[in-house]
Amino acid sequence: MLYREAGQFKTTYAADQQLFPIRQDRIGVITLLVVAFLGVPFFASEYWFSAILIPFLIFALAALGLNILTGYAGQLSLGSAAFMAVGAYAAYNFQLRIEGIPILVSFALAGLTAAGVGILFGLPSLRIKGFYLAVATLAAQFFIVWCLTKFPWLSNNSSSGVISTQQLIFFGHELKTPVEKYLLVLSIVVVMALAAKNMVRSTTGRAWMAVRDMDVAASVIGIKLMPTKLLAFAVSSFYCGVAGALYAFCYLGSVEPDGFSLEMSFKILFMIIIGGVGSIMGSFLGAAFILLLPIFLDITLPFMADLFGLPFSSATVSHIQITVFGALIMFFLIVEPHGLARLWQIAKEKLRLWPFPH
Amino acid sequence: MIKSFKPALSAVALSLAMLSQGAAAAEEQFFPLIDYRVGPYGSNGQAFYGGFIDYLNYVNLKEKGVNGVQMTYEECETEYNNAKGVECYERLKGKAAKSAGPLHTMSTGISYALIDKSAQDKLPLAMMGYGRTDAVDGSVFPYAFPLVTTYQMQASAIVKFLKDKNGGSLAGKKIVYLYHDSAYGKEAIVALNAEAALNKFEMVQIPVAHPGNEQGAQWLKIRQEKPDFVIFWGWGVMNQTALKAAQKVGYPRDKMIGSWWTGSEEDVVPAGDAAKGYMAATWNVAGKQVPVIADIEKVVYGAGKGNLQDKAKIGTILYNRGVSAAVLSVEAIRKGQEKYGKGKALTGEQTRWALENLNITDARLKTLGATDLLPEIKTSCDNHEGSGKVKIQQWDGAKWVPVSGWIEGNKALIHPLFQASAKQYAKEKGITPRDCSKEK
C-alpha cells in the first residue's frame, strides 16, 4: 500500500514521459538529493567525505560507465581502469597546457579523450563477442598503462611518471575542503547519472538493449550495429574518463599509471555484478557494497574481537576481512544472481502489496 | 547511519588505544602507523613495522617513554594499496590531531597521495629511502621528509663506490642500468645520466617489466654488451630472478650492485648460491651485533611484548631498517621536547620543526647503542634529506657484510636537480616557497 500507483493518472504526454513516472519514486529521489546536498554536509565528518563518500561517488560513476557498456549494450569489457587513467592524465594535461582553462571544461575534454580512446579499443567488438571481446579490451588495460609510462611528455617529464594534480579552481574560488570537493563530485555524478537514466530509455538505449539481447535480430529490424556498439564504447569511456579525472583531482590528488591496474578494472566489474547488471541504481549499490563493506569490517572486526577478548592483530583482521568479503559475494550471487538492484525491485513489488500479500 | 557510526568509531579507537599500551599515562605521543602486513609485499612490511613498533615499546619499557611521555600507536592495514592508504590516513588523522609522530608509509605511491593532504593537515610525512625525492627541498615541501637518503643520491654513491674500486676513474667503462620499469626504477635515471656525463662512462638502460620474473631477453642483451658493471634497481620477485639469470649467463655477481630495496635477506636467500658475492647499497646495517638490536630482543621480547611472531626476522635488514626509522622518529620527539617543553607530547606541527632540525651525531648514535646502524643525520629547511650516505654490503652466502664505509653521493651534482624539480612542482601547484634563510 505504501508503494501504490493507483490513482496516479497521467493526462499529458510530458507527464507520461518524465524520468520517474511514479510519484513515490520522484519524492524518494528528491529527498535523497536534498539529503545528499544539504543534509550530509552538516552531519558527516571529514573522514566520511575524504575516505568514504567521495570515492563511493567516483566509483559509482565508473561503474555506471561500465554498466552502460556491459549491462545495456552487452559488450564485456575489462578496460575500465585504463579509461579512467586516460581521463586522469588528460585532465591533468589540459590543465597544465592550456592557460586558464576552467576545471569543468578540462573534465569534459578528459571524458571526450577517453571516449576517443574507447572507440579505438571498441573496434574489435564489431567482429568478436563475449569473452573474446573481454580479452581484447584487456589490451587497453596493458597498452594505456604502458603508454603513460613510456612517454614522459604525458606526465610532464616527471622522473617517476607520477602526476600531482593542480588546484581545483572553480569560478575563481579554490576548492580545498573535503566538503567542497564532495559537492563538486556529487553535482557531476548526479547530472551524469540522470543523463544516463534518460539515455538508456531513449532510442539509443533501446538500440543498445536490442544489440545486447541478440545482435542479428537487432540488425534485422534496422539497427546499425557499428554505430550502436561504438557509441556504447564512447559513452561508457566518457563516463569512466570523467570518473578518472575526479579520482585524480578530487580524491587522491596524485596518481601513477600503475595505480590504474587490472585489479581496479575487476573491482569495477564486481561492482556492477553485485549491484545489478543493466541498472543505473545497481551501479550505486554495487559501488557502495564493494567499497564500504571492507571498511565496515575493518572498523567493526577489532571492536568485536575486543568485545570477546580475541587476540586479533591488524593482519588477522585483514585476512578475515578478505574471507568474509569473498564469502558474502558468493552468498549474494547464489541467493540473488541479478544483484542488489533486483533485491530493491523485489522490495518495491512487496511494498505494493503490503500489508496484504497474496 | 552516519550518526550511529560515530559512537562505534570512537569506541573502537578507544579500545584500540587501551589495547596498545595497557594503562593510560598522562601524556602520550601518538604514532599513526599506515602499514601493511598482508598483500604482495606483506613480509617486508612485517619486518619493517615489527622493528618500528618494537623500538617504540623498547623506549617505553627501558626509559618509561621520552621524558615520561609514552609512545603509543595505532595500525591501519593498507595492503600497499594507495586508495586504502588514503582511507587509513583519514581514519587516523583525527587521533593524530592532538599529538603526532612522523608518518611512515613505506610506499612511494601512498606517500605521493599523502603529500598535499599531510601538508594541509600539518602532519609530517617521513619517506625514508623512498617517496618524492625532490622533497629534499624543504622550502617547497615543508611537511615531507625524504630522510637519510634518496634514490638519486644512492645512485650517485654507487657510482662513486665503483669509481674508487676502479682506481679513481670510470672513463670509457660501460655500465648497464637494469631496472624495474616503474616510478621506482625510473627515479635514478636522471642522476645516472648526470653521472655518466661527468665521469665519461657509457650507460645502457635496460628496463624489466613488472613483476620481473622473466628476464631472458635482458640478460641476453647484457651478455652482448659485456658491461663492466651492472647497477640493479629491482623489486620483489625480480631480484632473485636476476641473480639466477646472471648465474646462468655467467655474469659475475660481484660486479652487480643493487639498490637498497634489492638488498634484503628476502631477496638473496631464495636465490641460493647464485647470490653469493652480490653487492647492494643500504642505509642501515643488518645483524644483531648492533647493541640496540640485541637489547631490544632482550628487553622487549623478554617482557613478552615483541611485535614479531617470527623471531628469526630480528636483525634482518628490513627489521633493522624499521628500528632505525623508529630511532629517528623518537629522536625527533626528543628534539621537539627540548624546544616545546619536556614531558609534553608534540603536535604534528612541532614534530615537523623537530624533523627539520635533527642533528644525530655518531656520538649520539653510540649512546643509543645504534653505532653504524644508520649514518649521521643533520637536517635543515633546505635539506630534508640530512645525510645522503649509503654503505655497500656484500652477501657472503649466509649474511650481509659491509664492504665500505659510509659513502656520500655527489651532492653538488644531485641536489640542484631536486631544486629544479621542486621549483617546477611549486609552479604547477601555485606554492610560494618559504625563505629558508629566515627559518630557525
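Quick caveat: nothing in here was measured; it's all calculated off a predicted structure.

All right, on to the nonpolar core then. In this structure, A:Met84, A:Phe107, A:Tyr247, B:Tyr55, B:Ile231 and B:Trp233 are the most contacted members of the largest nonpolar core, which totals 216 residues. At 20 residues, the largest contribution of residues to this core is made by helix H3 (residues 46–72) of chain A. Not counting residues up to four positions away in its chain, the partners in contact with A:Phe107 are A:Ala91, A:Leu168, A:Leu184, A:Ile188, A:Val242, A:Ala245, A:Leu246 and A:Phe249. Listed in part, the 25 residues of the second largest apolar core include B:Leu178, B:Val204, B:Ile317 and B:Trp395.

With that settled, the discussion passes to the interface of chain A and chain B. Facing 39 residues of chain A, the contacting portion of chain B comprises 39 residues. In total, chain A and chain B occlude about 3,800 Å² of area from one another, counting both sides; carbon and sulfur atoms represent 56% of this. One can count two salt bridges joining chain A with chain B. The salt bridge involving B:Lys93 is made with A:Glu46; its shortest N-O contact spans 2.5 Å. At the junction of chain A and chain B, the tally comes to 13 residue pairs in polar contact (both at pLDDT 80 or more).

Attention shifts here to the environment of B:Ala286. Residue and element names in this part refer to chain B. With respect to the helices and strands, Ala286 occurs in the loop between strand S10 (279–282) and helix H11 (291–302). Judged by relative accessible area, Ala286 falls into the buried class, the value being 11%. On a C-alpha basis, the gap between Ala286 and Gln205 in space is 30 Å, while along the polypeptide they are 81 residues apart.

Here we come to the packing of helix H2 (residues 42–63) of chain B against helix H12 (residues 317–340) of chain B. All names here are of chain B. Where H2 contacts H12, the two axes come as close as 7 Å, and the packing angle between them is 45°. As the angle between them shows, H2 and H12 are arranged oblique. Crossing hand, H2 versus H12: right-handed. Contacts between H2 and H12 involve Asn44, Ala47, Phe48, Gly50, Gly51, Phe52, Asp54, Tyr55, Leu56, Val59 and Glu63 on the former and, on the latter, Leu318, Tyr319, Arg321, Gly322, Val323, Ala325, Ala326, Val327, Ser329, Val330 and Arg334. Classifying every residue of the contact of H2 with H12 by side-chain character gives 13 nonpolar, five polar and four charged.

About the cut-offs
- Residues numbered from 1 in each chain as written.
- Chains lettered and ligands numbered in written order.
- Predicted model: local features only at pLDDT ≥ 70, side-chain atom pairs only at ≥ 80, totals over all residues.
- Heavy atoms only, no water.
- Core = buried A, V, L, I, M, F, W, Y, C linked by side-chain atoms within 4.5 Å.
- Buried < 20%, exposed > 50% of the residue type's maximum accessible area, 1.4 Å probe, protein only.
- Helix = DSSP H or I, 4+ residues; strand = E, 2+ residues; numbered from the N terminus.
- Contact = heavy atoms within 4.5 Å.
- Buried area = accessible area lost by both parts, 1.4 Å probe.
- Salt bridge = Lys/Arg side-chain N within 4 Å of Asp/Glu carboxyl O.
- Polar contact = N/O pair within 3.5 Å; in protein donor to acceptor, adjacent residues only side chain to side chain.
- Axes fitted to C-alpha atoms, helices over the stretch in contact; angles between N-to-C directions.
- Parallel < 35°, antiparallel > 145°, perpendicular 65-115°, else oblique.
- Left-handed = near helix turned anticlockwise from the far one by under 90°.
- Nonpolar A, V, L, I, M, F, W, Y, C, P; charged D, E, K, R; others polar.

That's the geometry; what it means functionally is another story.
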